[in-house]
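# Tertiary structure, described
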Number of protein chains: 2
Amino acid sequence: MLDRLERILASSLQSKESQSTLTCSPESAARLLVTFTRGLVVIERVYQDTDRLKATAASLLDILIASRSDL
Amino acid sequence: MLDRLERILASSLQSKESQSTLTCSPESAARLLVTFTRGLVVIERVYQDTDRLKATAASLLDILIASRSDL
């Protein structure tokens, strides 16, 4: 299931527009997102804190998407 | 335990040298590392593939440490 999710993500991130904004390859980004979201599930279970989850996800997007970290 | 790990990481990343190379704040980096490593544990259990874990961890460091992604 995770392999399939990773393939779908990588393929969605292959577009020229995505590639120009990503700070790494679409394949790396897909793998990072899959691994990171598995971690979020663990953190959700431990803290049950929606704001914390959102802030952590936003932090990943900030370093994964160049234009966000330039803001 | 995760809170303690996050505090130790954030405090280690507070040095001027660390801050100048990180692509986000030490606090965000610490939280990302804690969440991400929880995800790595899940991926380790699913795939039991050391190379995959190392590659995924390297991908995170590439986008977390500015000088690495410039290489």
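Right, let's walk through the structure included here. (Residues numbered from 1 in each chain as written. Chains lettered and ligands numbered in written order. Predicted model: local features only at pLDDT ≥ 70, side-chain atom pairs only at ≥ 80, totals over all residues. Heavy atoms only, no water.)

## A look at the interface of chain A and chain B
Convention followed: Residue contacts are counted whenever heavy atoms from the two residues lie within 4.5 Å of one another. Buried area is calculated as the accessible area (1.4 Å probe) missing from two parts once they are joined, with the contributions of both summed. Here, a salt bridge means any side-chain nitrogen of Lys or Arg that lies within 4 Å of a carboxyl oxygen of Asp or Glu. Whenever two N or O atoms come within 3.5 Å, that pair is a polar contact, provided that in protein one can donate a hydrogen and the other can accept it, and provided that, for residues adjacent in sequence, both atoms are side-chain atoms. Each helix corresponds to a stretch of at least 4 residues labelled H or I by DSSP, and each strand to a stretch of at least 2 residues labelled E; elements are numbered beginning at the N terminus. Charged residues are taken to be Asp, Glu, Lys and Arg, nonpolar residues to be Ala, Val, Leu, Ile, Met, Phe, Trp, Tyr, Cys and Pro, and polar residues to be all remaining types, Gly included.
Each side of the interface is counted separately: chain A has 24 residues, and chain B has 24 residues. Both faces combined, the contact of chain A with chain B buries some 2100 Å², and carbon together with sulfur accounts for 70% of it. Broken down residue by residue, the surface that chain A buries against chain B is led by L32(A), T35(A) and I63(A), which jointly contribute 28%. Put simply, chain A and chain B have four salt bridges between them. At the junction of chain A and chain B, the tally comes to six residue pairs in polar contact (both at pLDDT 80 or more). Ranked by residue count, the leading element in the side of chain A that touches chain B is helix α3 (residues 26-47) of chain A, at 13 residues. Considering only residue class, the side of chain A that touches chain B consists of 13 nonpolar, six polar and five charged.

## Brief notes about helix α4 (residues 50-64) of chain B
Basically, it comes down to this: In a helix, the anticipated span is given by 1.5 Å times the number of residues less one.
Across its 15 residues, α4(B) extends 21 Å between first and last C-alpha, which sits within 8% of the 21 Å expected from 1.5 Å per residue. Between the side-chain oxygen of the N-cap and the backbone nitrogen of D51(B) there are 3.1 Å, and the N-cap of α4(B) in question is D49(B).

## A word on helix α1 (residues 2-12) of chain A
The cut-off we apply is this: Between buried and exposed lies partly exposed: a residue is buried under 20% and exposed over 50% of the maximum accessible area for its type, with that area taken using a 1.4 Å probe on protein chains only. In this description, the arc belongs to the directions extending from the helix axis to the C-beta atoms.
Listing the buried residues of α1(A) in full gives L2(A), E6(A) and A10(A). Seen along its axis, α1(A) keeps its buried residues to an arc of 70°; they face one direction. Across α1(A) from its buried face, at more than 90 degrees, point the exposed residues R4(A), R7(A) and S11(A). Check the buried side of α1(A) and you find it contacts α3 of chain A together with α3 (26-47) and α4 of chain B.

## Considering the environment of L5(B)
Residue position: L5(B) is located in helix α1 (residues 2-12). Excluding residues within four positions of it along the chain, L5(B) makes contact with V34(B) and R38(B).

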